[in-house]
Amino acid sequence: MISHPDLTGDLSLLSPRDIRLYLDDFDDLTLDLRGEIHHRVGVQRAFPFNAPTKFIVLLNSDGAEIGIVRDLGDLDSDSRDALEIALEQAYFMPRILKINSIVSNFHVPTWDVETDRGHRVFEIPSSRRDVRVIDDVRVILRDADGNRYEIVDYRLLDPDSIVFVETIV
Amino acid sequence: MANASEINLLEIPPQHILDGLIPSHETVQLSASTDICLDGTYGTAYLLATDKHLFAISPNGDSTPHTERIPLSEITNLEVKDLFGNSLLKVRTATTGTTLARFTKGQNQKFNRITHQLETLVKDARKTEEKIAKGQLGRAISGRRCDVCGTIISRRVGVCTNCLDTRKLLYRLLAYARPFWKLGTLSLALLLTSTFIGLTPPLLMRELIDGVLAPSENYETTFFRDITNSIYGMPTGYEILYFLVGLLLLINLSQSGLRAIRSYILSVLGQKITYNLRNEVYQHLHRHSLSFYNERETGTIMASITQDVGRLQDFISDGLQEIIRDIITIAIICGILFTLNVKLATLVLLPTPLLIIATLKFGHRLHRTYRGLFRRWAAISALLADTIPGVRVVKAFAQENREVGKFQTRSEDLLKGEIKIAGIRSIFSPVMAFITSIGTLIIWLVGGTSVLDGALTLGNFVAFTQYMWRFYGPVESLCRLNHRFQRAASSAERVFEVLDTQPDVTDRRSAYAMPAIEGRIQFDDVTFSYEPGKPVLKNLNFTVEPGEMIGLAGHSGAGKSTLINLICRFYDIEEGAILIDGRDIRDVSLKSLRNQIGVVLQDPFLFNGPIAENIAYGNPDAALDEIVAAAKTANAHDFILRLPDSYDTPVGERGVRLSGGERQRISIARAILRNPRILILDEATSSMDTETESQIQEALYRLVQGRTTFAIAHRLSTLKHADRLFIIDKGELAEMGSHAELIAYDGIYARLCRMQTELSKLRAW
Ligand SMILES: Nc1ncnc2c1ncn2[C@@H]1O[C@H](COP(=O)(O)OP(=O)(O)O)[C@@H](O)[C@H]1O
Ligand SMILES: [Mg+2]
């Protein structure tokens, strides 16, 4: 692999030693960056599917980038917990455990599923755009309103559900 | 401002929850349900406001619901956060902040409205006019000639029909089947066995009639009788009947079995051959230089991989065996017929020449019409392939009606062709049926007379009729063999053309790997032409020092892109030499050369995959750090984070979901990541606004340090960092020097510069 001396300066990585993350009294994620306090910090994953615990971008309350946490695991445990809570809140993505039915109405399939967060019915407007398969087995769905759902490994579902998935992907 | 009557009171939680929660002197002003509970499970939770308090009620399994209560007067801030997977309502007081509701994104609108109504309630509760903060986190070539005979090759057929040597082709095709000869032989053996078995039932029929149903005196004992005798001793009629029925059952069973096994083996054989051929064709396609693709339509190339290969498979695995079967069937039936009765056999064969002539004649017409039809289908696909991707242009120029009209014309042509085919076909089958019926007539007349005369047994008569029917089928199909052959041959020719064309830019036998490039590039009297006799670059002579940045400018069509194509060795030059670090680029391996060159094109091509993969296209195992860093350098990071899934967002086919400038920035990141020794920027920032461009300029400036760089740009300000400028005019190096030198020279560059300054003054107004 070619090493890139010219690139490293551009990354704006936050050193785990310099930062402390916590939820303040308002339950808002707060960043203490060497004494400089950022309130209401927003979080964004740079690689939400391929590296959900790496490259977490921290944004200030105006949405501008403060810096990047390279790896969640590098943080001290309190900061990590706070960041994980913020991520969990932002990236709500229930896991589909069973597909009860997929019924197509006017080419818009309606999915009726059981998730780890309960029962849910939603519509997928375009299976080309809104259904993504990652690593051949992981399925990410986006419904008509933009909500996300995930099938961690569709081959591990029950046989009926597998048939449903295979007709779509 | 909203008044009480507008307030949403429809979604009220069950009464038993409300009891004891709401103080008796307060009245419910607003109530709404959510679809995600506060613990993150799906379910109905409620948001409820009285004139004094705001409540959140969230179910908590079977135990008492989780509730939150906040006095309205203390609320300082209400915020609907539209996050990636769900949304939430956050309420802040001077000292605390609480998430009071979580909901799916379909409810955003409702909660935006509710937030509005809540604000009114809050104001009323506070009885002050101070404003509360409300935040919302929004979120083809014509006239090509055959190399051998010089005839013009049709673009559609793509091969010289004049030079098709079908026998040679067949031989080559068989070469692809050879590795699977065991499977092939097995399936042929099965085919022949089932053909033999399939020919026996008429003989059984004869036995049934002559031996059992209507025993005839001049019926000689046959093979079957011998067998039944050996089983039953002296069998009764019933016993022979049972035996024959049993035998027929066995024959039918074994034939079905054999057919099933054979069709499976044949499919496997066919698919294996196609698999090899398809991969070989595809692999070979990637070895060709760009000129191969310039001369051919993409559609034709793709058809080679899909259709032609499929047709060949059909022919190799199925067609050949069927031919063998047909020939053998004809021979066996002829043998049986002549054994049964020579005179009758001769008569039965009488209509055969007629049948052959008719099949050939009709077949020829059908084939020609089909070819016409194929052309019309192709015309329709070509139209679709052209207009559907260009649909934005069609719409922009409001040409929908014209396009629909064009389609209808072609569709009508197709309709006419199909009707013609239907006409030919509907005559064809009755004529064939009539010709075959002549055979029946002869058998009825001559054979019937013989039966009456006692010269022919009834069983023989019936057997004859049955064999006759089985005889004509193979004859017909052999007559159509020629067309099948021709079709396969033209497919084969197209496929072999791809396989046979020697890539014109290849590694020499003696090619060695290019060592790490320092960056001295030397053009030594280089002349290049795409088409013979029309040189695009003429007698170029120059040397670029390692690390130098060269700006290429000149009118469009002057040959700038061509020049850099030559450095990448996309084409080979005929005259002169291009040297990198003193080595002729034709002496080194392509891979080692191109690995050290980074190219950013004006209209960069992105592949349908996530952004991250596209950035890492040249180095698939780049670390995430490097991907993000490259994107930052290329000024792409910020817009990537605004995409729904950041770096994991798919870009769509050819990157359609990104703007031109965004695609260019991805492409720059790709080049940066490659860390090339020679960097080529062909109007790499042309689709960006001036501001974005100047931001990237700084990054690019850092990037080009220490690398030899060629940058082509129309906006001359883009080239301000260039050490030297080359002005190309009509394929010649017209001017060369620094900005100041060229301005002093007062030539083409000076004129271009003045024109652009005028323009920018105009813009400044
Ligand atoms: N693949 C090609 N086949 C034939 N002619 C080409 C091809 N590419 C470019 N040309 C011709 O070569 C000339 C120089 O083109 P090019 O190098 O692309 O110009 P520019 O300076 O605008 O980049 C033009 O006249 C163009 O028509
Ligand atoms: Mg060009």
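In the block above lies the structure referred to throughout.
All figures in this text were calculated on a predicted structure; none of them were measured in a lab.

(A) Inspection of the pattern of salt bridges at higher detail. Tallied over the full model, the rule gives 25 salt bridges over all chains. Three or more residues are tied together by salt bridges with common partners; here these are Asp28(A), Glu79(B), Lys90(B) and Arg92(B).

(B) Structural view of the packing of helix 4 (residues 181–198) of chain B against helix 7 (residues 237–285) of chain B. Residue and element names in this part refer to chain B. Put simply, helix 4 and helix 7 touch, their axes get as near as 9 Å, and they point 155 degrees apart. Accordingly, the angle class assigned to the pair helix 4 and helix 7 is roughly antiparallel. Considering only the axes of helix 4 and helix 7, their crossing is left-handed. For the pair helix 4 and helix 7, the contacting residues are Leu183, Gly184, Leu186, Ser187, Leu190, Leu191, Thr193, Ser194, Ile197 and Gly198 in the first and Ile251, Ser254, Gln255, Leu258, Ile261, Arg262, Ile265, Leu266, Val268 and Leu269 in the second. Residues belonging to the contact of helix 4 with helix 7 are distributed by class as follows: 12 nonpolar, seven polar and one charged.

(C) Here's a closer look at the packing of helix 10 (residues 342–349) of chain B against helix 13 (residues 400–453) of chain B. All names here are of chain B. Put simply, helix 10 and helix 13 touch, their axes get as near as 9 Å, and they point 160 degrees apart. Between helix 10 and helix 13, the angle is such that the two are roughly antiparallel. Every pair of crossing elements has a handedness; the one defined by helix 10 and helix 13 is right-handed. When helix 10 is examined against helix 13, the residues Lys343, Leu344, Leu347 and Val348 are found in contact with a partner set consisting of Ile442, Ile443, Val446 and Gly447. Considering only residue class, the contact of helix 10 with helix 13 consists of six nonpolar, one polar and one charged.

(D) Just a nonpolar patch on the surface, in detail. A cluster of nonpolar side chains, contributed by Leu384(B), Ile388(B) and Phe407(B), occupies part of the molecular surface with about 260 Å² of accessible area. Following the sequence through the fold, Phe407(B) ends up in helix 13.

(E) The arrangement of the interface of chain B and chain A in detail. Chain B puts 59 residues into the contact, and the matching count from chain A is 49 residues. Summed over both sides, the interface of chain B with chain A buries roughly 4,400 Å², with 49% coming from carbon and sulfur. Per-residue buried area on chain B facing chain A is highest for Tyr42(B), Phe84(B) and Asp648(B); these three make up 17% of the total on that side. Remark: the boundary between chain B and chain A carries eight salt bridges. The partner of Arg148(A) in a salt bridge is Asp645(B), with the nearest N and O atoms 2.8 Å apart.

Thresholds applied
- Residues numbered from 1 in each chain as written.
- Chains lettered and ligands numbered in written order.
- Predicted model: local features only at pLDDT ≥ 70, side-chain atom pairs only at ≥ 80, totals over all residues.
- Heavy atoms only, no water.
- Salt bridge = Lys/Arg side-chain N within 4 Å of Asp/Glu carboxyl O.
- Axes fitted to C-alpha atoms, helices over the stretch in contact; angles between N-to-C directions.
- Helix = DSSP H or I, 4+ residues; strand = E, 2+ residues; numbered from the N terminus.
- Parallel < 35°, antiparallel > 145°, perpendicular 65-115°, else oblique.
- Left-handed = near helix turned anticlockwise from the far one by under 90°.
- Contact = heavy atoms within 4.5 Å.
- Nonpolar A, V, L, I, M, F, W, Y, C, P; charged D, E, K, R; others polar.
- Patch = residues over 30% accessible without salt bridge, like charges linked within 9 Å, V, L, I, M, F, W, Y side chains within 5 Å.
- Areas by Shrake-Rupley, 256 points an atom, 1.4 Å probe, with all protein chains shown as cover.
- Buried area = accessible area lost by both parts, 1.4 Å probe.

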